[in-house]
Amino acid sequence: MMLIEQMVVSFFAAAGFAIIFNVPRQVLFQCGTVGMIGWSLYRVLVLFTVDEVVATLAAAAVVAVISQIFAKWFRTPIIIFNVAGIIPLVPGGLAYDAMRHFVENNYDVAIPYAARVVMLSGAIALGLVFSEIINQMIRNGKWKKYHNKYDRKGLERS
Amino acid sequence: MERYTVTEVCLLAGKLMLQSGAETYRVEDTMIRIAQSYGMDGAQAHATPTAIMFATDITEPTNFVRIVSRETDLHKVTQVNGVSRAISSGHLDVTDAAKALITIDEQKDTYPNEIQLLAAAFASGCFTIMFDGAWVDFLPAFFVGALGYGLMSYFHDMIKIRFFAEFLAASFVGLFAYLIIFLNLGQEIDKIIIGAIMPLVPGLLITNAVRDLMAGHLVSGITKGAEAFLTAAAIGAGIAVIFFIF
């Protein structure tokens, strides 16, 4: 029950952010879906007492894989789905907590929060980069010819 | 003559992408791809969040563009990507590409302001729930979030110093959240404020910064990190002022 609630809410949050970031209309629904999948996976993992950083890492990696599939499918830059997918995972609340304690002179409380923010952002970035590397390995492997022929370099002009 | 225009097309494409919040490596990649499809194989591009440098070959004169303002507008990134694809496949010549890019540059936002405000409001309310807030706090966060986002866009147009605009918007968010608690319309002030400032928080910038650092774009990573840190500090200070007063 709680999970369904979280799924609905994260869908709207991701789609809302997609509108704020001016995402093209055709892919708005997909943006919400990516955000929903990432956040649900994170919540489920946390529910099974997986560490938050590890859960974020896994969710970000899954978001990146789905983004790559969607980017191929709908022929749009991958950043659109990446952004929508990681927005729910981004530790904005923690960053706020850290900053609030800093300006209130509670440095000893603020520093653990700040460290957590750094760890979580690092996990998100690592998850994204990780799946990109895998994608590159696949691309440089057996599909290389296919890609060179159709994807970008149509250097037919004189 | 043609060289001049190819350089222009590359710089315009790079500038548009960087202003719209594309990743640094993608900007460099796109510029070099465009140059290569016009037959300049030795093209060099270097992008940072504040400037782009481009040369058609290593011994040629280098051109330079200054980037003053940055925002997130993924529709423009998509469109420039489309133009770059068309150029690579040989469907666009230099003049047409330049015209297409200028059209992209001049167009307005995809969504009207009211829709964006509504989206920010919904996102705020949803974030309150996502951070384990109660449903009682959904509506307060909804309205305070819309107010914060609207005020920030308003202050951005009015005040040229970005961090001050964010500071003011955040303090209004804090003030109204406090009022809502004071009038007994909401439950937890922390959840309402976190939800309401989510549209302002530079979460994306933080992640992008770490990502650029990992990819080896050290200058961009540090610049973006500094920008994110300043924004976060401005928001935190804005909220803190309210806590200080009351």
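Computed from a prediction, not measured in an experiment: that's the story for all the values here. (Residues numbered from 1 in each chain as written. Chains lettered and ligands numbered in written order. Predicted model: local features only at pLDDT ≥ 70, side-chain atom pairs only at ≥ 80, totals over all residues.)

Colleague: Hey, could you run me through helix α5 (residues 113-130) of chain B in this one?
Modeller: One turn of the α-helix equals 3.6 residues, which is why residues spaced by three or four share an orientation. All names here are of chain B. Here α5 is 18 residues long and its end C-alpha atoms lie 25 Å apart, about the 26 Å a rise of 1.5 Å per residue gives. Counting buried positions over the 18 residues of α5 gives 14, a clear majority of the element. At the exit of α5 stands D132, carrying a positive phi of roughly 65°. (Helix = DSSP H or I, 4+ residues; strand = E, 2+ residues; numbered from the N terminus. Expected span 1.5 Å × (residues − 1). Buried ≥ 20, exposed ≤ 12 C-beta atoms within 10 Å, placed from the backbone.)

Colleague: Help me understand the packing of helix α3 (residues 52-74) of chain A against helix α6 (residues 107-140) of chain A, please; the structure alone is not making it clear to me.
Modeller: Packed helix pairs are characterised by how far apart their axes lie and by the angle those axes make with each other. Residues and elements named next belong to chain A. Running from amino to carboxyl end, α3 crosses α6 at an angle of 35°, the nearest separation of the two axes being 7 Å. Of the two possible hands of crossing, α3 and α6 adopt the one that is right-handed. Facing E52, V53, T56, L57, A60, A61, A64, V65 and Q68 of α3, the residues of α6 in contact are M119, L120, A123, I124, L126, G127, L128, F130, S131, E132 and N135. Partitioned by chemical class, the residues of the contact of α3 with α6 number 13 nonpolar, five polar and two charged. (Axes fitted to C-alpha atoms, helices over the stretch in contact; angles between N-to-C directions. Left-handed = near helix turned anticlockwise from the far one by under 90°. Contact = placed C-beta atoms within 7 Å. Nonpolar A, V, L, I, M, F, W, Y, C, P; charged D, E, K, R; others polar.)

Colleague: What is the right way to read the UniProt feature "transmembrane region" (unreviewed entry) in chain A from this model?
Modeller: Residues and elements named next belong to chain A. Mapped onto the present numbering, the UniProt feature "transmembrane region" (unreviewed entry) falls at residues 53-71, 78-99 and 111-134. End C-alpha atoms of residues 78-99 are separated by 31 Å, and the span's content is 73% helix alongside 0% strand. Across residues 111-134, the secondary structure splits into 100% helix and 0% strand, with the terminal C-alpha atoms separated by 34 Å. (UniProt positions renumbered as here; feature names shortened; annotations may be inferred.)

Colleague: When you look at the UniProt feature "domain: Threonine/Serine exporter ThrE" (unreviewed entry) in chain A in this model, what are you seeing that I'm missing?
Modeller: Following the UniProt record, the feature "domain: Threonine/Serine exporter ThrE" (unreviewed entry) maps to residues 6-134 of chain A here. Secondary structure across residues 6-134 of chain A divides into 82% helix and 0% strand, with the first and last C-alpha atoms of the span separated by 30 Å.

Colleague: Which parts of the structure should I look at to understand the domain arrangement of chain B?
Modeller: By a widely used convention, the size of an interface equals the accessible area lost when the partners come together. Each assigned domain of chain B is listed here: domain 1 (2-106) and domain 2 (113-245). Spacing between the C-alpha centres of domain 1 of chain B and domain 2 of chain B amounts to 32 Å. (Domains from an automatic or database assignment.)

Colleague: Mind showing me how you'd approach the environment of B:A43 here?
Modeller: Residues and elements named next belong to chain B. Mapped onto the elements of the fold, A43 is located in the loop between α2 (24-37) and β1 (44-48). Its 22 C-beta neighbours within 10 Å are what place A43 among the buried residues. Separated by 36 residues in sequence, A43 and T7 have C-alpha atoms that sit 9.7 Å apart. Leaving out residues up to four positions away in the same chain, A43 has contacts with I32, A35, Q36, T56 and D57.

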